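Chain by chain, the residues:
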Amino acid sequence: MNKILKRMAAGILTGALCLTAFAGCGSTGSGSQGGSSADGETTGKKFVIGVAEAQANDEVTTRRAYFENFIAPTYNVEFIFSEVLKDDAAVKTFIENCIDSGADAIIDFKSNSSQMARLCEENGVVYTVQGIPDMAPDLMEGEFPLFSGWSGANNDHLADLFRNWLEENTSADGSEGFLVSTSLASQGNVQHIEVSRAILEGLQEKYGLTYEQPIEDLVYVSETTNVANDKGLLITLYPGSPNKDTWLPGISSLLQSGKYKMFLSSGQTYNQTATVVNEVEAAFGIDIKVASIAAFSTTLDTAFSTLDPNGNPSVDFVTVKPSSVLNASVFAATYNALNGVIDTACRDENGKPANFRFNMISISSPEELAKTKGWDDAEAGTWIAGKEFVDQMLVTTNPDVTAASINELMASVDVDSIAEMMG
Amino acid sequence: MTATSSANTSGKELHLNWKERVDVIRSNRWFLMAFPFAMLALIILIFGGATGGNFFRVSVLKGILSQAIIIGTCATGVSFIYSNGNLDISIGAVLGMGATLGVLAYNATNITPLLILVSVGVSLGLMAFNCTMSVVCHIKTITVAIVVTQIYSAITTLLIGGAGTIDIAYETSSMLEDGGFRYIAFFGYFILCLVVYHFTRIGRELRFLGGNETCAQQTGMSSGKATYVSFLMAGLGVGLAAVFSVIDVSAVSVETGSGLGMDVMLATVLGGMSIFGGSRSNAYAGLIGALTVAALNKGLLMVGVPSAFIQGIRGVIFLALVYMNSERRDLLPSRMQF
Amino acid sequence: MSKWQDFRRKHVLLMNTLFTVAVPLTVWLVMELLDYSTTGLHTMNSMVDWTTLMRNLVSSFCFALGLNCNMALGRMDTSTGSQMFLACILGGNLALSLNLGGVGVLVFSMLLGMVAGAFVGFLFINLRILPMVLGLGISLVYECISFSANNQQGLNLFGKPGVGILSNRLFIIGITVLIMLVMTYLFQYSPFGYKRRAIQGNQKLANDAGINIYVNALLCYTAAGALVAVAGVFDTAYKSNLVPVLGMNSNSTVFSNMFPMAVGLWLAKKSNPVIGILAGSLSVQFLVLGLAKFTNIGMSDYMQTCIKYSVWLVFMIYRMNEDKIQLIKDKRARVALAKATRAQRAAVAA
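Conventions and cut-offs
- Residues numbered from 1 in each chain as written.
- Chains lettered and ligands numbered in written order.
- Predicted model: local features only at pLDDT ≥ 70, side-chain atom pairs only at ≥ 80, totals over all residues.
- Helix = DSSP H or I, 4+ residues; strand = E, 2+ residues; numbered from the N terminus.
- Buried ≥ 20, exposed ≤ 12 C-beta atoms within 10 Å, placed from the backbone.
- Contact = placed C-beta atoms within 7 Å.
- Pairing = 2+ DSSP bridges.
- Right-handed = clockwise from strand over helix to strand, strands pointing away.
- Axes fitted to C-alpha atoms, helices over the stretch in contact; angles between N-to-C directions.
- Parallel < 35°, antiparallel > 145°, perpendicular 65-115°, else oblique.
- Nonpolar A, V, L, I, M, F, W, Y, C, P; charged D, E, K, R; others polar.
- Core = buried A, V, L, I, M, F, W, Y, C linked by C-beta atoms within 7 Å.
- Domains from an automatic or database assignment.
- pLDDT = per-residue confidence, 0-100.

1. Details of the overall build of chain C
Phase 1 of the analysis: When helices and strands are tallied, chain C shows 14 helices and two strands.
Phase 2 of the analysis: Taking the principal axes of the C-alpha coordinates as reference, chain C spans close to 90 × 60 × 35 Å.
Phase 3 of the analysis: In chain C, buried positions account for 56% of the 350 residues.
Phase 4 of the analysis: Considering only intrachain contacts with a sequence separation of at least 6, the fraction spanning at least 24 residues in chain C is 79%.

Okay, here's the thing in structure tokens:
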């Protein structure tokens, strides 16, 4: 009996090994086929691009589908995706492994570091980053001929979106109290820093506030902090990782104080906090408005279609990243650099690495969300940044392309223009 | 006459089926020693073939060694802890805190040796604290490790604050890198560990204590002293690894060292060492395991295995290798940890 | 014998009950005092806190109990966290796709948890790899599967029809009582439990006595899988969704739940492991909720983590040296008695 069991165990292990190995090979195979499919542009050399990822969420899943299913076959490139990279050392290891695998370029969604740029430079590999230049002055000032620039959200526009929403949904005197979850901004998460800054700027503009500390310092606080301001408004910054046991009870505790009617989150946490917010609303009979960052997903559909105890959607306002536009811009910067036009297509008017910015989309009702149905839908393969859009950003299809023209194109993306593009 | 008949009897007894023969080979100590090396060589050969020879390039092999250094250094040190039957998974947090205080000290003074001294000193101090909790307060080392990992990580986060990362001047890290500090320090430490572990009385005592603590104590060996030595040797390694990690990316962040404890345990076991120590322990298992993990990661990526599957494949290979390299016990293996 | 000692001897059950209740009560009282004096808030400030407490309590209790299934026998299964992820993501989504609501999510997750646990047990008794090492390998594989399943979306319970019952206080109490009854029977009164305790005492002797240690181990792993799946469902009900993890991050769930288990096993000396672990989990939940109130005066979650684990460390120092403290107390009592006797004799002699 024991022998039979042991053989079965050995068989299962071997089988699992073979299955996973074959699954891997199968998937790679399909990736290659996708890369060489005939309907795309062919530029002779098939470029290999490594993509370093920091997390695994809706946005990353969508990005993967966009790159693998659309960009790779259309533009004859191949992608190598990383596992979730914990720190800069892991990013470095991934880049080294990509270089050994013959990668021509790296798109880095994790670190924003001159060290990685230097490593790419030494190996003749193009380097592109998602992030903001302010956080990497070395990259801005240093000599990195193969660094093609940054891509990310237009922070001013994001602040405008929050400010406009606050304008319509808050009292004139700001007496409702604002709880701002800065999430992992204190640990250097680029997106959380950008959004926290945008929220604080939005509040500042709406109420004409003067903060005692600079916003640059406030977004990095690692302890729950009341933002001191000249008008005495209650604005509390709540940093921390949603993965910690203590994070959610902390939010609950603050909301239960009854001082906050606005909960603004810099991370995609509207779903994690939904139960807590609903319970506090039901128990205390208050209405807490929730604003957050989101990605197009079924989770977002559910959030808008689920009503809280006051009959409002469980999330009141989200800013959604048009994921494919960001991905198109990092790809375009990388691809243009690979095609030898880094000096024109990836440099600003001062000759510095380009800073590509896209506009976030705001959604504040189920009706507005319904309009976006099918946008960046990985399953249907319907992308905001489709072929026509991407072609305008690439030197192979638009020889006159410059960093300014790419930024112009990206700035033109809003709800109306997307609706027009998507038909 | 007696000898001949005995040989004949042995011949009959030795008529074993293939499975028993495999078991005999598997339990041979030379096989157990050679197996991790053979597996490493086999992995390199398989990936070499699968990548059309690309995997044999010097730059690739050098890359594997370079990537294995941090885990290898920690794993070499940690094998001292494992050898007398203790466990410690807090080394990632220790490394993070050592590196953070080292960088803070360096940035305050601009004295490069201070970076190394503070990193190593802090790591030694923290490992000594862990050990004291175990030896003096009688808490199992694994429990201490679980608790202090969270405490050290939280303190490190509070120390770093701000943007979650502190940079050091690239010139400093590149000077240390170009001067070969990493390789010199690593091999120096590795040789020290080999000598202490295999050629000194303390090394033998550690293995004896891991094999049979009661028996070892009855022969006059001090478990407490040996535990301190093992933790301090590990602390030295973790301190050096902290410096290597700073040199590697010219910075320290709140994520530095996260998850390292489990990676090191994985590497050590893959290198052929029992995490419960004993006579089969050795000081080089960590390095071999770290090289195997680095080769696997690089190889799987180079042959184009999608990232979502890499971890799963690594898990299956890990279990298969550990199964092949472990002694099959009559009863179920167990060890009280709480 | 003093009157107090006499009373204690006569009312063992009452004393044991008081001991088991005293620890969570003390933790609550201390946190209440600290919270009220520093923040002006109560530890249990509203019904929201009670709901949170109950949901987190059943989650923590089930997970710690699941860990204890194997831990007590010297098997530290580091894969229980990944079993939880696998069971909840596969089982929960299957139940949701069949529109079975919260109860369906719970049942299907439990079933998948049993399968996931049984598979680990099956591998363990056949491969005979050290449980901790086996757990590492299994974590890597299970995390990979649960990450790839459901398009990397994990399990999302918020807004799903019928899952509100998972936050219903009566339902939570019912499930907790049911689990307590089933596990008390299994651990304390069933043939499986007797054999498990025999193996806990000495595996070799138990094996020689004819107990099938392999089947027992398989059942332990299966029960652990089911329990951690229940824990995962209630945890997800609180956090709204369960996001899959990679890189052995599921281990952090295992390690954090060792605290209630450690406290519970200490309390179990005056009751049984099931009641002990429930009281231990309650104590830890009071601590966590009490610390959360300090957020109102600016304490970061890192500092709260630091305090929580420091309390664990102090508790472990006490627990591991309890016998020495008792020895010192006994010695003092002996010295006092000797002095008193000597004084008495001197008085008599005088």
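2. Comments concerning the pairing of strand β3 (residues 105–108) of chain A
Residue and element names in this part refer to chain A.
Phase 1 of the analysis: Of the two faces of β3, the one lined by Ala-105 and Ile-107 and the one lined by Ile-106 and Asp-108 are each fully buried.
Phase 2 of the analysis: Pairing geometry for β3 and strand β4 (residues 126–130), over four bridges, is parallel. Its bridge partner being in β4, Ala-105 is matched across the sheet by Val-126.
Phase 3 of the analysis: Remark: the β3/helix α4 (residues 114–122)/β4 crossover connection has right-handed handedness.

3. So, the packing of helix α2 (residues 12–39) of chain C against helix α13 (residues 273–292) of chain C
All names here are of chain C.
Phase 1 of the analysis: Where α2 meets α13, the axes come as close as 9 Å, and the angle between the chain directions of the two elements is 5°. On the basis of their axis angle, the class for α2 and α13 is roughly parallel. Two secondary-structure elements touch here, α2 through Thr-20, Val-23, Pro-24, Val-27, Trp-28, Met-31, Leu-34 and Asp-35 and α13 through Ile-275, Gly-276, Ala-279, Leu-282, Ser-283, Phe-286, Leu-287 and Gly-290.
Phase 2 of the analysis: When grouped by side-chain class, the residues that make up the contact of α2 with α13 number eleven nonpolar, four polar and one charged.

4. Side note on the interface of chain A and chain C
Put simply, an interface is often sized by how much accessible area is lost when its parts join up.
Phase 1 of the analysis: Each side of the interface is counted separately: chain A has 39 residues, and chain C has 38 residues.
Phase 2 of the analysis: When residues of the side of chain A that touches chain C are traced back to their parent elements, those giving at least two are α1 (2–36), β2 (77–84), α9 (247–256), α10 (274–284) and α11 (298–305) of chain A.
Phase 3 of the analysis: Considering each element in turn, the side of chain A that touches chain C owes the most residues, eight residues, to α9(A).
Phase 4 of the analysis: Here the side of chain A that touches chain C is built from residues that sort into 13 nonpolar, 19 polar and seven charged.

5. A few points about the sheet that holds strand β11 (residues 317–320) of chain A
What links the strands of a sheet is backbone hydrogen bonding, and the strands pair in either a parallel or an antiparallel sense.
Residue and element names in this part refer to chain A.
Phase 1 of the analysis: Across the sheet, which stays open at both edges, the seven strands sit in the order β7-β8-β6-β9-β10-β11-β13 with mixed pairing between neighbours. The open sheet has two edge strands with one neighbour each: β7 (225–226) and β13 (361–363).
Phase 2 of the analysis: Sheet topology places strand β6 (residues 178–183) next to strand β9 (residues 262–265); four bridges connect them, and they run parallel. Paired with Phe-178 across the strands is Met-262, a residue of β9.

6. Focus on the packing of helix α8 (residues 191–201) of chain C against helix α10 (residues 213–239) of chain C
Residue and element names in this part refer to chain C.
Phase 1 of the analysis: Interaxial distance between α8 and α10 falls to 10 Å at its minimum, and their mutual angle equals 110°. The angle between α8 and α10 falls in the class roughly perpendicular. In this structure, α8 uses Phe-192, Lys-195, Arg-196 and Ile-199 to contact α10, whose residues at the interface are Ile-213, Asn-216, Leu-219 and Cys-220.
Phase 2 of the analysis: Of the residues assigned to the contact of α8 with α10, the class counts are five nonpolar, one polar and two charged.

7. Regarding the nonpolar core
Phase 1 of the analysis: Formed by 368 residues in total, the largest nonpolar core has its most connected members in Ile106(A), Tyr127(A), Cys74(B), Ala229(C) and Val230(C).
Phase 2 of the analysis: Split by domain, this core shows at least three residues from each of two domains, domain 1 (41–153 + 322–358 + 378–422) and domain 2 (155–320) of chain A.
Phase 3 of the analysis: Setting aside its immediate chain neighbours within four residues, Tyr127(A) contacts Ile106(A), Asp108(A), Met116(A), Ala117(A), Cys120(A), Leu146(A), Phe147(A) and Ser148(A).

8. Focus on the interface of chain B and chain C
Phase 1 of the analysis: Counting residues at the interface gives 41 residues for chain B, matched by 46 residues for chain C.
Phase 2 of the analysis: Counting residues per element, the ones that place at least two in the side of chain B that touches chain C are α7 (141–160), α13 (260–270) and α15 (307–325) of chain B.
Phase 3 of the analysis: For the side of chain B that touches chain C, a count of residues per class yields 26 nonpolar, eleven polar and four charged.

9. Some words on α9(A)
One full turn of an α-helix is made of 3.6 residues, so residues set three or four places apart face in the same direction.
Residues and elements named next belong to chain A.
Phase 1 of the analysis: For α9, the tally of buried residues reaches ten of ten residues, placing the bulk of the element in the interior.
Phase 2 of the analysis: Among the residues of α9, Trp-247, Leu-248, Pro-249, Gly-250, Ile-251, Ser-252, Ser-253, Leu-254, Leu-255 and Gln-256 are the ones counted as buried.
Phase 3 of the analysis: Immediately beyond the C-terminal end of α9, within one or two residues, lies Gly-258, with a positive phi of roughly 75°.

10. Topic: the confidence of the model for chain C
Phase 1 of the analysis: Confidence along chain C averages 92 in pLDDT terms, with 100% of residues attaining 70 or more.
Phase 2 of the analysis: With a pTM of 0.87, the predicted complex shows an ipTM of 0.87.

11. Focus: the sheet that holds strand β12 (residues 355–358) of chain A
Residue and element names in this part refer to chain A.
Phase 1 of the analysis: Spatial ordering of the open sheet is given by β2-β1-β3-β4-β5-β12, a layout of six strands whose pairing is parallel. Edge strands, defined here as strands with exactly one partner in the open sheet, are β2 and β12. When the angles between neighbouring strand axes are averaged without regard to direction, this sheet yields 20°.
Phase 2 of the analysis: Strands β1 (47–53), β2 and β3 of the sheet are contacted by helix α3 (residues 88–100), whose axis makes an angle of about 165° with β1.

12. Description of unusual backbone geometry
Phase 1 of the analysis: The phi dihedral of Asp376(A) falls on the positive side, at around 45°, and the residue is not glycine.
Phase 2 of the analysis: Tracing the backbone through its elements, the reader meets Asp376(A) in the loop between α14 (366–371) and α15 (387–391).
Phase 3 of the analysis: The class of Asp376(A) is buried, set by 28 C-beta atoms lying within 10 Å.
Phase 4 of the analysis: Positioned with a positive phi, Asn110(B) is a non-glycine residue whose angle comes to about 65°.
Phase 5 of the analysis: Mapped onto the elements of the fold, Asn110(B) is located in the loop between α5 (91–109) and α6 (112–135).

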